[in-house]
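# Coordinate analysis (summary)
So you can see what is in the structure, the chains are spelled out below.
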There are 2 protein chains.
Amino acid sequence: MPRVSQDHLDARRRQILDGARSCFARHGYEGATVRRLEEATGLSRGAIFHHFRDKESLFLALAEDDALRMADVVAEQGLVQVMRDLLDEPEKREEEHAADWLGTRLEVSRRLRTDPDFRARWAERSEQLTAATRQRLIRQREAGNLRDDVDVTVLTNFLELVLEGLVSHLAMGLPADDMEPVLDLVEETVRRHRRRS
Amino acid sequence: MPRVSQDHLDARRRQILDGARSCFARHGYEGATVRRLEEATGLSRGAIFHHFRDKESLFLALAEDDALRMADVVAEQGLVQVMRDLLDEPEKREEEHAADWLGTRLEVSRRLRTDPDFRARWAERSEQLTAATRQRLIRQREAGNLRDDVDVTVLTNFLELVLEGLVSHLAMGLPADDMEPVLDLVEETVRRHRRRS
């Protein structure tokens with residue numbers, strides 16, 4: 001049997017995650033049957049579960065993958081920019097799986113509420129985004145761009161709360177076009193207050 | 001057959017809604033079987049579906065009931081107070097079904113995402129809260145308590161977005177104790193800015 005290269009393994013893993021993402025988003029966790037996962041990924045159940053132990057592990061890997069990608073954007077551009085990206089160009093979003101990402105995120109929310117085992121497994125994986133947001137805010141404060149009368153922890157929690165609300169809002173299919181001025185307000189709230197002349 | 005009084009009908013309806021609320025919150029919409037609804041309400045399926053055409057109608061009535069009760073609090077005390085009530089005294093919340101209310105709300109979110117028919121039926125029923133919030137903000141602006149450099153519509157959307165985030169946060173079982181200063185920040189953001197002396 002020939003040895004399979006790491007590149008090939010990574011590409012296959014990516015193929016499974018991308019297919020599974022749209023499958024979970026469309027059908028929900030329970031509705032994403034093995035048969036549907038096969039259709040969505042274009043791979044057999046044998047191939048899928050060679051890479052991921054079971055459906056639960058696949059879903060967790062997917063949610064973790066999304067959180068890491070978001071943390072990268074946060075580190076470069078901040079959490080408000082992540083939110084703006086979610087609003088921009090719905091067509092483009094679809095292509096880049098951000099719409100699916102919303103579905104994954106809401107499914108995480110629902111399972112955290114109804115499934116204590118999942119909650120324990122997820123807790124280990126959900127720290128990256130908070131850490132990235134916090135680090136970014138600390139750098140912004142050092143650069144003099146952040147208000148200095150409110151603790152960085154409170155500002156981090158505030159931004160994460162708004163993000164959670166936005167994810168929920170978009171996932172419910174509510175209109176995105178009136179959210180841009182709301183995000184302006186959110187950004188202004190964490191920025192340093194300039195004296196009005 | 002004796003005529004049943006309106007009071008009796010109302011009390012029975014309330015009994016069904018309260019039982020169903022905890023049942024939907026615990027098991028989710030799909031998991032709330034007719035048998036479980038019977039157990040949770042202490043009534044037979046005949047009695048339950050005498051008052052509500054089907055499970056879908058029962059769930060919609062419940063969600064509408066919650067939205068109306070929230071709108072009452074908003075009219076009296078504002079949307080930030082609704083959020084503070086959600087944080088206060090978890091033991092008390094449990095008694096008053098606010099924890100269940102969270103479950104209902106998250107279940108609404110999920111079904112809005114996955115079920116277009118539900119989305120259409122819910123749209124007609126979800127206007128009360130927005131209207132109550134908007135009316136309250138207009139009165140606050142007239143009283144000089146609201147900032148006047150941002151449109152009331154934007155402030156309404158901002159508060160609803162934060163509420164949605166808070167519901168999601170609490171429903172996921174995340175800690176509530178660090179949210180109080182975040183709500184202070186939210187309240188300050190919509191208030192009139194006093195000149196700093």
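Residues numbered from 1 in each chain as written. Chains lettered and ligands numbered in written order. Predicted model: local features only at pLDDT ≥ 70, side-chain atom pairs only at ≥ 80, totals over all residues. Heavy atoms only, no water.

All names here are of chain B. Its 26 residues place the ends of helix H1 (residues 6–31) only 32 Å apart at the C-alpha level, less than the 38 Å of an ideal helix rising 1.5 Å per residue. Along H1, the sharpest change in direction is near 80° and occurs at Ala25. For H1, the set of buried residues is Ile16, Leu17, Gly19, Ala20, Arg21, Cys23, Phe24, Ala25, Gly28, Tyr29 and Gly31. (Helix = DSSP H or I, 4+ residues; strand = E, 2+ residues; numbered from the N terminus. Expected span 1.5 Å × (residues − 1). Bend = angle between axes of the 7 residues up to and from the residue. Buried < 20%, exposed > 50% of the residue type's maximum accessible area, 1.4 Å probe, protein only.)

To continue, consider the interface of chain B and chain A. Taken together, the contact between chain B and chain A spans 36 residues of the former and 36 residues of the latter. Here chain B meets chain A over a buried area of about 3,200 Å², counting both sides, of which 66% is carbon and sulfur. Three residues stand out in chain B for area buried against chain A, namely Arg113, Leu161 and Met172 of chain B, and they jointly supply 22% of the buried area on that side. Between Glu188 of chain B and Arg147 of chain A there is a salt bridge, with the nearest N and O atoms lying 3.2 Å from each other. Counting every contact that joins chain B to chain A gives four residue pairs in polar contact (both at pLDDT 80 or more). Within the residue set of the side of chain B that touches chain A, elements represented by two or more residues are helix H7 (98–114), helix H10 (152–171) and helix H11 (180–190) of chain B. The element that contributes the greatest number of residues to the side of chain B that touches chain A is H10 of chain B, accounting for twelve residues. Residues that form the side of chain B that touches chain A fall into these classes: 17 nonpolar, nine polar and ten charged. (Contact = heavy atoms within 4.5 Å. Buried area = accessible area lost by both parts, 1.4 Å probe. Salt bridge = Lys/Arg side-chain N within 4 Å of Asp/Glu carboxyl O. Polar contact = N/O pair within 3.5 Å; in protein donor to acceptor, adjacent residues only side chain to side chain. Nonpolar A, V, L, I, M, F, W, Y, C, P; charged D, E, K, R; others polar.)

Below, the discussion takes up the nonpolar core. If you look at the biggest cluster of nonpolar residues, it comprises 65 residues, and the most contacted ones within it are Phe158 and Leu159 of chain A together with Phe158 and Leu159 of chain B. Those residues in contact with Leu159 of chain A that lie beyond four places of it in its chain are Leu79, Val80, Met83, Thr133, Leu137, Val186 and Val190 of chain A. (Core = buried A, V, L, I, M, F, W, Y, C linked by side-chain atoms within 4.5 Å.)

Further remarks concern the environment of Leu146 of chain B. All names here are of chain B. With respect to the element layout, Leu146 can be found in the loop between helix H9 (127–142) and H10. For Leu146, a relative accessible area of 5% corresponds to the buried category. For the pair Leu146 and Arg191, spaced 45 residues apart in sequence, the C-alpha to C-alpha distance is 4.5 Å. Sequence-distant contacts of Leu146, defined by excluding residues within four places in its chain, comprise Leu137, Gln140, Arg141, Val152, Leu155, Val190, Arg191 and Arg192.

Moving on: the packing of aromatic side chains. Residues and elements named next belong to chain A. The tally for this structure, following the rule as stated, stands at nine aromatic pairs over all chains. Where Phe24 meets Tyr29, the ring centres are 5.7 Å apart and the plane angle is 5°; that geometry is what we call stacked. Here the two residues Phe24 and Tyr29 agree in accessibility, since each one is buried. Chaining the aromatic ring pairs together yields one cluster made of Phe24, Tyr29, Phe59 and Phe118. Lying across the ring of Tyr29, Lys55 places its NZ or CZ 4.5 Å from the centre. (Phe/Tyr/Trp six-rings, centres within 6.5 Å; stacked < 30°, edge-to-face > 60°. Lys NZ or Arg CZ within 6 Å of the ring centre and 35° of its normal.)

Take the domain arrangement of chain A next. Residue and element names in this part refer to chain A. Each domain of chain A was delimited in the assignment, giving domain 1 (1–52) and domain 2 (55–190). The C-alpha centroid of domain 2 is placed 25 Å from the C-alpha centroid of domain 1. Contact with domain 1, which involves 17 residues of that partner, is made by 18 residues of domain 2. In this assembly, domain 1 packs against domain 2 so that about 1,600 Å² is buried in total across both faces, 66% of it on carbon and sulfur atoms. On the domain 1 side of the contact with domain 2, Arg21, Phe24 and Tyr29 bury the most area, a combined 47% of that side's loss. For the pair domain 1 and domain 2, the interface holds three salt bridges. Between Arg14 and Asp65 there is a salt bridge whose closest N-O contact spans 3.2 Å. Put simply, domain 1 and domain 2 have six residue pairs in polar contact (both at pLDDT 80 or more) between them. Mapped onto the side of domain 1 that touches domain 2, the elements with two or more residues apiece are helix H1 (6–31) and helix H3 (45–51). It is H1 that contributes the most residues to the side of domain 1 that touches domain 2, twelve residues altogether. Of the residues in the side of domain 1 that touches domain 2, the class split is eleven nonpolar, two polar and four charged. (Domains from an automatic or database assignment.)

Moving on, we come to the pattern of salt bridges. All names here are of chain A. Applying the stated criterion across every chain yields a total of 29 salt bridges over all chains. As a salt-bridge pair, Arg84 and Glu180 come within 2.5 Å of each other at their nearest N and O atoms. On the criterion of sequence distance, the pair formed by Arg84 in helix H5 (residues 79–87) and Glu180 in helix H11 (residues 180–190) is long-range, its members being 96 residues apart. The class of Arg84 is buried, set by a relative accessible area of 13%. Among the residues examined, Glu180 registers a relative accessible area of 28% and is labelled partly exposed. Residues participating in the shared-partner salt-bridge network are Arg14, Asp18, Arg21, Asp65, Asp66 and Arg69.

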